[in-house]
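Commentary on secondary and tertiary structure
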Amino acid sequence: MSMYRYIEYCHILFVKVTGSGSSLPEGCAEMICRAIFKEVQVQTLSQTDRCTVYNIYSTLLSHKLPELQRMETDFVYGFIQSMDTEKDPRNLLIAFHCARTIILNFSLGPFVEEMFEVTSCYFPIDFTPPPNDEFQISREDLIRGLRGCLSACPDFGPLCVPLLLDKLQSDVQSAILDSLLTLADSAVVYGSKCVKEFQGTLYRCIKQEIFSPRSPELVSAAESALFAMGAALSPQPGLSTENSDVDVFIKEVMQDSKRHFVDEDLRLFGPSCRLLLALTQGSDHACCGVIHQTVPLLENMYNKFTGANQRKQIIEMLVKFLCCSKRSDGGKASKVVRDLLPSSLKILMSSVSQCSVTLTSAAVEGLGQILSLPDALSSKDLETVCWCVVDLVLNSTDRKVRSSCVEPCKEIMKVYPQISSEILPKLVAKIDTDGDAILPFIAIFAVHKSVISRISEELLNKLQQESQAMSESALQTCLWITSCLNDISIYARENSDCVPILSLETVPAVYQLCVSNAVSDNYSDVLSSPDVLQTLSAFIRNTAILLDSGTFGKLYSFVTKVYCEATIGEVKLQNPFAPLQTEAPPQQSCLVTLLTPVVCSCPKQFSIPDTEKYRDSLTDLSLRSNHDYTRLEAAKCLSGILNRASDDEDMAVYLQQRCDFYEKTLTFDSSATSCLQQCVWVTKALVMRGHREASKFVNILLRLLGNEDLGEQAAEGVKTVLTLYEDVLNPTMHANIRLLYKQRFFTENSSQIIEGFQTASINTKKNYLMALSHCLQSLPKSVLLRELPQLFPLLVQSLLCDNIQLQQSTMETLCTMITDAPDVIVKHIDTVIPQLLKLTAYKPVMRVRTCALRCLLGLVSLPTPVILPYRPRVIKALEGVLDDKKRLVRLEAVKARNEWCLLGEPGGKS
């Protein structure tokens, strides 16, 4: 049979294999492989046919592994011959997967070196996806595939480590990074014997990256590699730990590091500690060895050095070493820390009372981390530490010190919650004189079932008192209190005992307070202010989303009686209250803000019984209320209801009526801003849920971009449709789903926006550009790159537009694309550079100037022959920016101008 007949035969078999590989008759898998090995010279085939062969191997390895294993080294050798010299990235991804499976499941026998050579020849991966790559294969995909092969076999160690060492000593940062990460994945697999053989050279390379850091990524990778070496050298559980390989290694690193513990400037103190901290991650044994030697050294350092900054650095590292034991849960390291902790605790407690704010803050943060250590403190020490932190909360006047107490206080509530009943009255007493600083701590200490009801009641009483005050600070104080309530609802997520109390007591009390104010003849503007209402709405939402169906049903019933029957609890209001009526006064209608968090946060299994009633009322209110804020809030609430409403016949009729209404009104009434606002929010609801009628409403919105009166508002409407509003959406929605709907909107509508721009009038072109800019925000880079060739001319137009927000958005997109799509940008460079230079001098907005400067800095990475002709012009223009009044702008200007000055020069970019 000819080779091409075999290829055809392989295709036919592959269809059968992929259909159900496990259903192949016994012996068929071996027959297929032997036929390919004997008759097919894989590397002479086309890419598609080679891909077919690799897919056959992959499927058989998945479904017929035992049968292939009986072929032993015949299969190993045959696969090596098939993969040898493969270059196509699509095929390599499959080949790497097959190779790893073979390495893990076959005895390589005499072919260890051959298997290593056929895979390691690709290390390090040097691959850049072509523009508009439809297969979406990234360099990272190939790196992971190859790394999986190199780290799969202990026998590869003596072959791979020299290769890694060679790349670690190169000047190519990507190769160094890949080598470090490969070592991190492989060291434990290669074992202590292999790692010990190359220990000294590997350590010197790793130390170089930590002591002379070139990038955060390299430092992190070096630490991971060192941690893996420590793990590989550590004794296995059950074996003797005396004079182990890791002890020898720790001694070497310790000798190398502690000499930097005596330098006055502590310049290399941090890197030395990072080396030792990385070692502690290797094993419980390594952690014990490092902590036991390092902690006493750090304590002696603290006593030797007296400078506040020196002691701050020492304390920070001391706490990091003590907290290493958390990673070895149940190991001996926890006991070592318990023995060392008393002396370290004295240092931390003494630092709290120092006059240096920086040192005190570091010590307090350290105490908070110590509190997170399980069973590290005696009960007496625990109480002492807690009251030490609380004393600072109550008595410190420094904002930074108090800020450093926040996280420790959260830890206190986990380990010593009984303190809340003693501390809260003292905190509440300070609201009048120190509200903004004290209220965050009230929120932390209030989340305990024994006190949350009483504290919430006190906060609401205080809110009512402040809202009636005539002082200028009343609004600010009320915002502090409502923010405190909101924080309580956030912290309550971790304490399920508090959630029912909030939903059945505090939330109804909030409605009682706001409604009573709205029907009063002497109502307070403070409780009707948008900022206060939005914060209270967030508090209600954060509580509602935590409720089960039964508890939520009680809350929903309460709210419905308030808004539809003017009844709070069982008591009918004496004064008229109809917040959903279009003629309602603003202080009542604005309370639609507090309806939204309940009707829009219902659990999936809860069906809103009054959907139509709410829907129709909100539809009218969002169109006809004479209060701007009410119209917007009603539209948002309507959107949330439509997003969750049943997709039945009644919904279909409603949507058709809305569509007809918008078509008619927005076509003939150029002042129908409230109608457009409602249309935007209805569109958002439908787009978010992927409703089949969504395209009709989107088309209405996009057609309005060409309207000179409503076009700009329609462009902002596109932004609204694509922006995530927690108050009308379920905050627990998965991030990938949120991203998907943005991507889908762009894919389905970008062509219409582009076509509209091309035919638009001079006055309305900017509307299309603004809409497109909103579409591009948060779009996955892969999608953006695919569409960039057709989009970039419009981005250039956006850069030339007079709309500052549009220009800024465009420059942010441009900065991210310079390295990913240089070929596209080069085609428009003669327009881009002059406009960026113009924007570097835009005085009204500093951020525009800094964005322009960052773009100019990024352009230096483009091919030198393309940008070199612009060098004199750019240097001269940036000279004037060096005197900018804003320091940040001056710094960006210096960086950009320096790079352009070096362009084409020896030692610079060439």
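Okay, so let's go over this structure. (Residues numbered from 1 in each chain as written. Predicted model: local features only at pLDDT ≥ 70, side-chain atom pairs only at ≥ 80, totals over all residues. Heavy atoms only, no water.)

**Looking at the overall build of the chain**
Of regular secondary structure, the chain possesses 46 helices and two strands. Once the C-alpha set of the chain is aligned to its principal axes, its extents read approximately 95 × 75 × 70 Å. By residue count, 54% of the 910 residues in the chain fall in the buried class. The long-range fraction of contacts in the chain, counting pairs at least 24 apart against all pairs at least 6 apart in sequence, stands at 73%. Surface summary for the chain: the accessible area is close to 40400 Å², and the carbon and sulfur share equals 50%. Averaging the coordinates of the 88 positive side-chain charges in the chain and doing the same for the 102 negative ones gives two points 3 Å apart. (Helix = DSSP H or I, 4+ residues; strand = E, 2+ residues; numbered from the N terminus. Buried < 20%, exposed > 50% of the residue type's maximum accessible area, 1.4 Å probe, protein only. Contact = heavy atoms within 4.5 Å. Areas by Shrake-Rupley, 256 points an atom, 1.4 Å probe, with all protein chains shown as cover. Lys, Arg positive; Asp, Glu negative; His and termini not counted. Charge placed at Lys NZ, Arg CZ, Asp CG, Glu CD.)

**A word on the pattern of salt bridges**
Following the criterion strictly, the structure yields 36 salt bridges and no others. We note a salt bridge from arginine 274 to glutamate 223, for which the minimum N-O separation is 3.7 Å. One end of the pair, arginine 274, is in helix 14 (residues 269-280); the other, glutamate 223, is in helix 12 (residues 216-233), with 51 residues separating them in the sequence. A cluster of three or more residues bridged by salt bridges with shared partners is formed by Glu30, Arg34 and Asp74. (Salt bridge = Lys/Arg side-chain N within 4 Å of Asp/Glu carboxyl O.)

**Observations regarding the state of the cysteines**
Within this structure, the stated rule accounts for zero disulfides. Here cysteine 386 is not cross-linked by a disulfide; its sulfur's nearest cysteine counterpart is in cysteine 409, at 8.9 Å. Exposure remark for cysteine 386: the relative accessible area of 0% places this residue in the buried category. Free of any disulfide, cysteine 775 has its nearest neighbouring cysteine sulfur in cysteine 679, separated by 15 Å. Judged by relative accessible area, cysteine 775 falls into the buried class, the value being 3%. (Disulfide = S-S within 2.5 Å.)

**Focus on the environment of arginine 338**
Mapped onto the elements, arginine 338 comes out in helix 17 (residues 332-352). Arginine 338 sits in the partly exposed class, given a relative accessible area of 37%. For the pair formed by arginine 338 and leucine 322, sequence separation is 16 residues and the distance between their alpha carbons is 9.1 Å. Residues contacting arginine 338, with those up to four places away along its chain left out, are Asp375 and Ala376.

**Considerations on the nonpolar core**
The biggest cluster of nonpolar side chains holds 321 residues, and the ones touching the most others in it are Met115, Ile442, Phe445, Leu859 and Trp900. Considering each element in turn, this core owes the most residues, eleven residues, to helix 26 (residues 499-519). Setting aside residues no more than four positions away along its own chain, leucine 859 makes contact with Ile818, Ile825, Ile829, Val832, Ile833, Leu836, Ile867 and Trp900. (Core = buried A, V, L, I, M, F, W, Y, C linked by side-chain atoms within 4.5 Å.)

**Considerations on the environment of leucine 61**
As for its placement among the helices and strands, leucine 61 is situated in helix 3 (residues 47-63). Residue classification places leucine 61 among the buried positions, given a relative accessible area of 5%. The sequence separation of leucine 61 and cysteine 98 amounts to 37 residues, and the corresponding C-alpha distance is 7.4 Å.

**What about the packing of helix 21 (residues 406-415) against helix 23 (residues 431-445)?**
Look at helix 21 against helix 23: their axes get within 9 Å of each other, and the N-to-C directions meet at 20 degrees. Classified by the angle between their axes, helix 21 and helix 23 sit roughly parallel to one another. For the crossing formed where helix 21 meets helix 23, the hand is right-handed. Residues Val406, Cys409, Lys410, Ile412 and Met413 of helix 21 touch helix 23, and the partners they reach there are Phe441, Ile444 and Phe445. Of the residues in the contact of helix 21 with helix 23, the class split is seven nonpolar, no polar and one charged. (Axes fitted to C-alpha atoms, helices over the stretch in contact; angles between N-to-C directions. Parallel < 35°, antiparallel > 145°, perpendicular 65-115°, else oblique. Left-handed = near helix turned anticlockwise from the far one by under 90°. Nonpolar A, V, L, I, M, F, W, Y, C, P; charged D, E, K, R; others polar.)

**A short note on the packing of helix 13 (residues 245-258) against helix 15 (residues 284-304)**
Interaxial distance between helix 13 and helix 15 falls to 10 Å at its minimum, and their mutual angle equals 25 degrees. Relative to helix 15, the element helix 13 lies roughly parallel. Considering the relative orientation of helix 13 and helix 15, their crossing is right-handed. Contacts from Val246, Asp247, Ile250, Met254 and Lys258 of helix 13 reach helix 15 at His285, Ala286, Gly289, Val290, Gln293, Thr294 and Leu297. Grouping the constituent residues of the contact of helix 13 with helix 15 by class yields six nonpolar, four polar and two charged.

**A short note on the packing of aromatic side chains**
Enumeration over the complete set of coordinates arrives at 16 aromatic pairs. Summarising the aromatic geometry, the rings of tyrosine 203 and phenylalanine 249 are spaced 5.8 Å apart at their centres and angled 90 degrees between planes, so their arrangement reads as edge-to-face. Of this pair, tyrosine 203 sits in helix 11 (residues 199-211) while phenylalanine 249 sits in helix 13, placing them 46 residues apart in sequence. Here tyrosine 203 falls in the buried class, since its relative accessible area comes to 2%. (Phe/Tyr/Trp six-rings, centres within 6.5 Å; stacked < 30°, edge-to-face > 60°.)

**Concerning the environment of valine 783**
Turning to its location among the elements, valine 783 is positioned in helix 39 (residues 781-800). The class of valine 783 is buried, set by a relative accessible area of 2%. With 36 residues separating them in the primary sequence, valine 783 and threonine 747 have C-alpha atoms 8.8 Å apart. Filtering out sequence-adjacent residues up to four positions away, valine 783 remains in contact with Gln743 and Phe746.

**Some remarks on the side chain of aspartate 88**
Position of aspartate 88 among the secondary structure elements: in the loop between helix 5 (73-83) and helix 6 (89-105). Setting aside residues up to four positions removed in sequence, aspartate 88 forms contacts with Gln47 and Arg50.

**What to know about unusual backbone geometry**
Excluding glycine, most residues fall at negative phi; most peptide bonds, likewise, are trans. Residue proline 124 is reached from phenylalanine 123 by a cis peptide bond, and omega for that bond is -10 degrees. Tracing the sequence through the fold places proline 124 in the loop between helix 7 (112-120) and helix 8 (139-150). Even without being a glycine, leucine 266 presents a positive backbone phi close to 50 degrees. Take leucine 266: its relative accessible area is 3%, and that puts it in the buried class.

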